[in-house]
Amino acid sequence: MTKWNQVEHVEYTVPECQNGISMNLFMHVSLVPAVLIVAVLSFLQRRAQRLTIDHKLPFLKGRFGIVVPLDTIGSLSNRWSYGFAFGAVSYNVLLLFSEHYIPFTLPSWARAIVYLVGALEVGLVNFPLFACLSTPFRTAGAVLGILYSLSWIIVTLWDIFTCPGGKVLGKYQKLIIQWPCILSYIFLLGRFLHMLVKGVRIHLQMEQNTEELIEQHQVQHVKGLLKKAPAQSKPLSWFQRKVYEWDPYFKFPNRIIGTAIISLVGLYTMTLADYSLSNVAFDQLDKWKNTLKHLVDSCNQTEALGVMIPQLEEFIDVSRKSWLATTIFASLNSVAYTFHVLVCYRKHLKRLWKGQKGFIPERFHTPNSAASVASIARYSGWQIAFTLWGYLIVHFVHYLFALMLVYVIVLPIQDGKALSMLSNLGIILLTIGLVIALVIMQIVLVQIFFLQDKLSPTDKQKPLALNNRKAFHCFNYFFFFYNVVMGISSCILRLLCSIVVGTWLVSRIDRTIMQRGYENMDAGFSTWIGMIFSDHYHNNPVMVCFCQLLVSNTLERHTMSAYSTFSNTPSESPVNSRARSRWALLYTLLRNPHLILLRKHHLSSPLSLETSLSPQSDTVVRACVMASQTKSPQATAQSLPEIPVMPSEDC
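This text gives an overview of the structure that appears in the document. (Residues numbered from 1 in each chain as written. Predicted model: local features only at pLDDT ≥ 70, side-chain atom pairs only at ≥ 80, totals over all residues. Heavy atoms only, no water.)

1. A look at the packing of helix α8 (residues 127-134) against helix α9 (residues 138-162)
- At a minimum axis distance of 8 Å, the contact between α8 and α9 shows a crossing angle of 155°. Between α8 and α9, the crossing angle belongs to the class labelled roughly antiparallel. Every pair of crossing elements has a handedness; the one defined by α8 and α9 is left-handed. On α9, the residues touching Pro128, Leu129 and Cys132 of α8 are Gly141, Leu144, Gly145, Tyr148 and Ser149.
- Across the contact of α8 with α9, the residue classes tally to five nonpolar, three polar and no charged. (Axes fitted to C-alpha atoms, helices over the stretch in contact; angles between N-to-C directions. Helix = DSSP H or I, 4+ residues; strand = E, 2+ residues; numbered from the N terminus. Parallel < 35°, antiparallel > 145°, perpendicular 65-115°, else oblique. Left-handed = near helix turned anticlockwise from the far one by under 90°. Contact = heavy atoms within 4.5 Å. Nonpolar A, V, L, I, M, F, W, Y, C, P; charged D, E, K, R; others polar.)

2. Remarks on the packing of aromatic side chains
- Counting across every chain of the model gives 25 aromatic pairs.
- Relative to Phe481, the ring of Tyr477 lies with its centre 5.4 Å away and its plane at 90°, an arrangement referred to as edge-to-face. Taken together, the residues Tyr477 and Phe481, both in helix α17 (residues 469-504) and four residues apart, mark about one turn of the helix.
- For Phe481, a relative accessible area of 46% gives the class partly exposed.
- Site record: aromatic cluster; members linked through ring pairs are Phe250, Phe252, Tyr345, Trp353, Tyr379 and Trp528.
- The ring centre of Tyr337 lies 5.6 Å from the NZ or CZ of Arg508, which sits over that ring. (Phe/Tyr/Trp six-rings, centres within 6.5 Å; stacked < 30°, edge-to-face > 60°. Buried < 20%, exposed > 50% of the residue type's maximum accessible area, 1.4 Å probe, protein only. Lys NZ or Arg CZ within 6 Å of the ring centre and 35° of its normal.)

3. Comments concerning the pattern of salt bridges
- Under the criterion given, the structure shown has seven salt bridges.
- Between Arg508 and Asp510 there is a salt bridge, and its shortest N-O distance comes to 2.9 Å. For the pair Arg508 and Asp510, one class covers both residues: buried.
- When salt bridges with common partners are traced through the structure, they connect Asp283, Asp286 and Arg320 into a single cluster. (Salt bridge = Lys/Arg side-chain N within 4 Å of Asp/Glu carboxyl O.)

4. Describing the packing of helix α16 (residues 418-449) against α17
- Close contact between α16 and α17 brings their axes to 12 Å; oriented N to C, the two are set at 155°. In terms of orientation, α16 and α17 fall into the roughly antiparallel class. Considering the relative orientation of α16 and α17, their crossing is left-handed. Two secondary-structure elements touch here, α16 through Val435, Leu438, Met441, Gln442, Leu445 and Val446 and α17 through Phe475, Phe479, Tyr482, Asn483 and Met486.
- Looking at the contact of α16 with α17, its residues break down into nine nonpolar, two polar and no charged.

5. As for a nonpolar patch on the surface
- Where nonpolar side chains cluster on the molecular surface, the patch consists of Ile428, Ile432, Ile436, Ile440, Val444, Ile448 and Phe449 and spans about 640 Å² of accessible area.
- Mapping Phe449 onto the fold places it in helix α16.
- For Phe449, a relative accessible area of 43% gives the class partly exposed. (Patch = residues over 30% accessible without salt bridge, like charges linked within 9 Å, V, L, I, M, F, W, Y side chains within 5 Å. Areas by Shrake-Rupley, 256 points an atom, 1.4 Å probe, with all protein chains shown as cover.)

6. Quick notes on the side chain of Ser184
- Its location among the elements puts Ser184 in helix α10 (residues 173-203).
- Ser184 gets classed as buried once you look at its relative accessible area, which sits at 5%.
- Setting aside anything within four residues of it in sequence, one finds Ser184 in contact with Phe84, Gly87 and Ala88.

7. A word on the nonpolar core
- Residues Leu129, Phe130 and Trp152 are the most contacted members of the largest nonpolar core, which totals 42 residues.
- Sequence-distant contacts of Leu129, defined by excluding residues within four places in its chain, comprise Ala88, Val89, Tyr148, Ser149, Tyr185, Leu188 and Phe192.
- Counting 24 residues, the second-largest nonpolar core is a separate cluster that includes Phe250, Phe252, Val265 and Ile529. (Core = buried A, V, L, I, M, F, W, Y, C linked by side-chain atoms within 4.5 Å.)

8. A few points about the environment of Ile509
- Along the chain, the position of Ile509 falls in the loop between α17 and α18 (523-539).
- Given a relative accessible area of 1%, Ile509 falls into the buried group.
- Not counting residues within four places of it along the chain, the set of residues in contact with Ile509 comprises Tyr379, Trp382, Gln383, Gly524, Phe525 and Trp528.

What follows is the structure in structure tokens.
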């Protein structure tokens with residue numbers, strides 16, 4: 001009883017703190033400055049197209065445009081700034097799992113409306129942090145961002161240092177939970193100060209503001225595609241092969257980084273809450289056990305309950321230690337999943353860049369356009385929710401396995417029943433081993449007696465062709481009755497494996513837990529597929545590089561002066577321009593021979609009809625032959641520059 005009294009004193013005697021600040025009330029009040037900041041940024045933003053209101057109110061001059069908090073598709077700049085912005089709002093995001101911060105109440109059937117209102121409020125309160133980072137008006141955005149983030153830092157620090165305690169984690173609960181948010185706010189404050197200095201330097205023309213459509217790493221990626229692959233690649237280390245290989249030409253979008261940061265902060269908070277609440281729960285069980293023990297000692301006719309007391313004490317002790325141990329493993333497992341999702345995102349996206357779709361179920365090869373774009377909006381929220389709820393589910397499963405391990409192996413050894421435990425375990429393992437051995441024996445017998453010999457000594461296995469058919473029919477007849485019995489155990493084993501693997505991978509949104517043909521029922525996996533397809537279509541480096549070339553050429557033509565013909569700089573002759581175009585055409589056709597059949601003069605010739613009717617292999621052969629014919633003797637005699645020709649897989 002003494003231990004429980006001490007715990008109760010620690011957890012429930014936290015003094016009521018009145019510092020004059022309620023963080024929930026402050027979040028509601030913050031709607032006013034948030035709306036004002038958005039209004040100022042909207043006033044500075046001009047609309048690209050004039051509307052009817054501009055004709056009625058011409059003094060607006062196209063102002064009050066749409067303020068974009070962040071580009072969730074194509075932007076790859078300020079990624080870590082947006083990541084820390086997500087970290088700053090992570091505590092408010094976790095509030096969405098609770099309804100206590102809503103100032104009004106609604107019936108239980110309208111709970112979805114409560115969550116929607118809460119999400120809109122949290123999004124609007126934190127909108128200025130993102131809008132001030134993404135606005136093209138650096139100076140105004142920096143000043144407003146400094147004022148807004150500084151106000152949140154001051155109020156949060158005041159609340160932490162004046163009322164640091166809580167009923168769950170003790171006297172330093174708020175500091176333990178909210179230090180990631182404070183750190184993120186401080187980083188954002190420094191980022192806004194840097195933006196202010198840079199904006200002033202640009203205004204004073206001490207620095208140029210250069211923004212291009214394509215990022216530098218995308219340029220390097222495209223250049224790497226045009227280079228000839230080395231004959232011998234550098235061997236990868238164990239860490240690069242098994243864990244992660246750094247790619248300097250790939251960057252994760254700010255959406256993915258923000259999702260990972262909120263997931264990690266949420267896991268940190270949930271792990272702390274899980275550990276503290278489990279201690280409270282087990283202490284309550286100790287209190288009930290002590291009450292029951294006192295009742296047994298006071299009554300003489302409760303021998304049956306007296307026998308249960310030691311077992312109950314043992315169960316509480318085992319459960320407490322098992323829950324603590326599995327808390328560590330479950331949290332590490334969820335953190336590993338969070339980073340593994342980043343690895344899978346890069347791997348899947350690079351496969352799509354190469355045109356490889358074999359890792360995706362066939363029905364997802366041409367996803368719905370609207371569903372794919374909507375997946376971008378769903379992904380971050382679903383990934384965070386899957387990670388947090390997956391942690392709780394995996395933790396409970398780990399806990400059950402730990403209990404089974406303790407009661408089957410550990411406790412019998414401690415009680416001196418090791419021989420009995422080993423004998424029972426040996427019988428179980430022997431039974432399973434015999435079943436597996438009989439299955440393997442069937443395969444070995446078929447391999448030896450019922451398959452024809454290899455067609456060539458170099459073949460790895462025998463051909464799928466029967467031999468000794470009559471003996472095989474007898475073999476199949478007698479094993480039929482045995483396999484009926486074995487099918488029951490195999491069915492149960494299949495069900496158990498599906499439950500374990502499905503539960504283990506419940507937080508893995510990048511991998512479906514449904515069987516083949518039922519992937520549409522996995523909404524998380526469908527969201528993942530739609531998201532990576534949207535990123536593939538909008539952020540493919542080759543496509544972005546091509547668009548950048550088009551934009552650059554268009555700008556050069558528009559900025560070219562009408563009097564450029566009178567300048568002293570000699571212009572490029574049409575002959576050189578035509579020669580450069582033909583060299584580019586030659587290089588493209590040599591690297592991609594199948595494009596020869598798609599040229600305009602070839603499609604218009606009678607030969608194209610025959611080619612279209614011929615099989616695909618014949619078409620590829622024709623393309624390869626035509627590619628070899630493009631190398632004229634005249635070009636060979638003039639010693640053309642060496643063009644690295646990569647052999648096509650189809651040729």
